[in-house]
Amino acid sequence: MDFNVKKLASDAGVFFSRAMQFTEEKLGQAEKTELDAHFESLLARADCTKNWTEKILRQTEVLLQPNPSARVEEFLYEKLDRKVPSRVTNGELLAQYMTEAANDFGPGTPYGKTLIKVGETQRRLGAAERDFIHSASINFLTPLRNFLEGDWRTISKERRILQNRRLDLDACKARLKKAKAAEAKAAAEHELRLTQTEFDRQAEVTRLLLEGISSTHVNHLRCLHEFVESQTNYYAQCYQYMLDLQKQLGRFSGTFVGNAESTSPPPAATSPPAVAAATLPAVPTIPVVPTIVGVPNTVAESVLNPNEVKPPASGTRKARVLYDYEAADSTELALLADEMITVYSLPGMDPDWLIGERGNQKGKVPVTYLELLS
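As the structure is a computational prediction, the values presented were derived from the model and not from experiment. (Residues numbered from 1 in each chain as written. Predicted model: local features only at pLDDT ≥ 70, side-chain atom pairs only at ≥ 80, totals over all residues. Heavy atoms only, no water.)

**Student:** Teacher, can you tell me more about the side chain of Thr 49 here?
**Tutor:** In this fold, Thr 49 is placed in helix α2 (residues 37–64). On the accessibility criterion, Thr 49 (7% relative accessible area) is buried. Looking at Thr 49, its side chain comes within polar contact range of the main-chain oxygen of Arg 45, at 2.9 Å. Discounting residues that sit within four places of it in the chain, Thr 49 has contacts with Phe 147, Ile 213 and His 217. (Helix = DSSP H or I, 4+ residues; strand = E, 2+ residues; numbered from the N terminus. Buried < 20%, exposed > 50% of the residue type's maximum accessible area, 1.4 Å probe, protein only. Polar contact = N/O pair within 3.5 Å; in protein donor to acceptor, adjacent residues only side chain to side chain. Contact = heavy atoms within 4.5 Å.)

**Student:** Any chance you could explain the nonpolar core here in plain terms?
**Tutor:** Generally speaking, a soluble globular protein has its nonpolar side chains buried in company with each other. Ranked by size, the top nonpolar core spans 30 residues in total, and within it Phe 39, Phe 132, Phe 140 and Leu 210 carry the most contacts. At the level of elements, α2, α5 (110–178), α6 (182–211) and α7 (213–251) are the ones that each hand at least two residues to this core. Ranked by the residues each element gives to this core, the list is headed by α5, at 14 residues. Once residues within four sequence positions are removed from consideration, Phe 132 is found in contact with Leu 64, Phe 227, Ser 230, Gln 231 and Tyr 234. Membership of the second largest hydrophobic core comes to 17 residues, among which are Val 321, Tyr 325, Ile 341 and Leu 354. (Core = buried A, V, L, I, M, F, W, Y, C linked by side-chain atoms within 4.5 Å.)

**Student:** What exactly am I supposed to notice about the packing of α2 against α6 here?
**Tutor:** Packed helix pairs are specified by the crossing angle of their axes together with the interaxial distance, meaning the distance between the axes. It is at 9 Å that the axes of α2 and α6 come closest, and there the two elements cross at 50 degrees. The angle between the axes of α2 and α6 places the two elements in the oblique class. For the pair α2 and α6, the sense of crossing is left-handed. Contact with α2, carried on its side by His 38, Phe 39, Leu 42, Leu 43 and Ala 46, involves Ala 203, Thr 206, Arg 207, Leu 210 and Glu 211 of α6 and no other residues of that element. (Axes fitted to C-alpha atoms, helices over the stretch in contact; angles between N-to-C directions. Parallel < 35°, antiparallel > 145°, perpendicular 65-115°, else oblique. Left-handed = near helix turned anticlockwise from the far one by under 90°.)

**Student:** I'm lost on the pattern of salt bridges in this one. Help?
**Tutor:** Under the definition given, this model contains 15 salt bridges. The partner of Arg 58 in a salt bridge is Glu 61, with the nearest N and O atoms 3.7 Å apart. Linking Arg 58 with Glu 61, this pair stays in helix α2, spanning 3 residues, or about one helical turn. Taking the relative accessible area as the measure of exposure, Glu 61 reaches 18% and is therefore buried. Two residues, Arg 320 and Asp 338, come together in a salt bridge whose shortest N-O distance is 2.9 Å. Taken together, the residues span a long stretch of sequence, with Arg 320 in strand β1 (residues 317–321) and Asp 338 in the loop between β1 and β2 (340–344) at a distance of 18 residues. Here the salt bridges do not stand alone but share partners, grouping Arg 58, Glu 61 and Arg 145 into one network. (Salt bridge = Lys/Arg side-chain N within 4 Å of Asp/Glu carboxyl O.)

**Student:** Is there a simple way to explain the packing of aromatic side chains in this structure?
**Tutor:** The way to describe two aromatic rings as a pair is by their centre distance and the angle between their planes. Applying the stated criterion to the full structure yields 9 aromatic pairs. Ring centres of Phe 132 and Phe 227 lie 6.2 Å apart, and the angle between their planes is 35 degrees; on these two criteria the pair is classed as tilted. With Phe 132 in helix α5 and Phe 227 in helix α7, the pair connects residues that are 95 residues apart, well separated along the chain. We classify Phe 132 as buried; its relative accessible area is 8%. (Phe/Tyr/Trp six-rings, centres within 6.5 Å; stacked < 30°, edge-to-face > 60°.)

**Student:** Just to check I follow, could you spell out helix α4 (residues 90–105) for this structure?
**Tutor:** For an α-helix, 3.6 residues make a turn, and residues three or four places apart therefore share a direction. Helix length check: α4, at 16 residues, gives a terminal C-alpha distance of 22 Å against a target of 22 Å (1.5 Å per residue), a fit within 8%. Of all the residues in α4, the buried ones are Gly 91, Glu 92, Ala 95, Met 98, Ala 101 and Ala 102. At its buried positions, α4 is contacted by α5. Phi turns positive, to about 115 degrees, at Gly 106, one or two residues after α4. (Expected span 1.5 Å × (residues − 1).)

**Student:** Got a minute to help me understand the pairing of strand β4 (residues 361–366) in this structure?
**Tutor:** Each regular strand carries side chains that alternate between the two faces of the sheet. Across 6 bridges, strand β3 (residues 353–358) lies against β4 in antiparallel orientation. Bridging from a neighbouring strand, Gly 356 pairs with Gly 363 of β4. (Pairing = 2+ DSSP bridges.)

**Student:** Looking at this model, I keep getting lost on the confidence of the model for the protein. Mind explaining?
**Tutor:** Confidence along the protein averages 80 in pLDDT terms, with 75% of residues attaining 70 or more. Model confidence for the protein, summarised as mean pLDDT per element, is weakest for helix α9 (residues 273–279) at 38 and strongest for α2 at 95. Across residues 254–303, confidence stays below pLDDT 50; counting only partners more than four residues off in sequence or on other chains, it has 44 contacts. (pLDDT = per-residue confidence, 0-100.)

**Student:** For this particular structure, what's the right way to read the sheet that holds β2?
**Tutor:** By way of backbone hydrogen bonds, the strands of a sheet pair with one another, either parallel or antiparallel. Sheet architecture is open: 5 strands sit in the order β4-β3-β2-β1-β5, paired in antiparallel fashion. The sheet is open, and its two borders are formed by β4 and β5 (370–372), each paired with just one other strand. Geometrically, the sheet is characterised by an average inter-axis angle of 40 degrees between neighbouring strands, direction not taken into account. Direction of pairing for β2 relative to β3: antiparallel, over a ladder of 3 bridges. What sits directly across from Thr 342, in β3, is Glu 357.

Here it is in structure tokens:
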């Protein structure tokens, strides 16, 4: 018991003397051993790395989980070393609502069918988001946290020890200056040598840890590349899902109920071929013939057979294919990325589609997969 009391009293005395010495240094009333410029540069670089790593970590967490309450809950589960419960993403929740609405409205109705299709795409988007969050957390957030909670804590601890060794060294220098008797000087010089050795040893340990920040940057650079790759894959998936959905909805555009006053074909569709060819602009804008449910559209149906389609006298254009496209049926033309094809539109044709020709092959192609050239 007495030993513990004495130790606490001794520690308190050391702490008080060091605090006084530190204050005197700030006021310029005590000598301070300065670190070399290279060491100071390493310290500044380490502090900069720590500060920016914290900011990037926090903002990435906000990006992956915008809900602050959910982030707090995840933090508590992590500190308690318990598994974070799985959450439904916003896309998956929207898909659930759309599916339930379709069942109420009638899954066989045009609106119900569309709700089901859009809902399925939202579910796939939600699943892709979940995979992206999981990948980013493991490959990017975890290494940043490990640095802050592991390496940086070690560096901070060794820096505090180095600060104490420096204060001890400066205190010994001060005592040596005040010593008058030869015996007191000899004792002070011996103590100074020991303290200088301890300071140099601690400075070397701290320096090696600070130089390790370079390897930390290399590791974080690799993690950053993996984060970008995960994000790229995620957005590419989302883009492809939406293209597929747009294609599906485009096929069923004829099921929308149009205006009964607009059911007759536009004048351009009934004009003689010579007149139509003379009046077509360089980039034709052909109005879409709306369709009444149950009433066939003879113009649109004729387009569905590519072999019977003849290109207009003018209005054809070259187009570069942006992405591979697999034909859904014999009326469509399969595409390969970067190939060049000839495209044109016809009266009554869905504006999201064009007729494409490659050699003696012909078929419908989606506009979103093309870059139209002048």
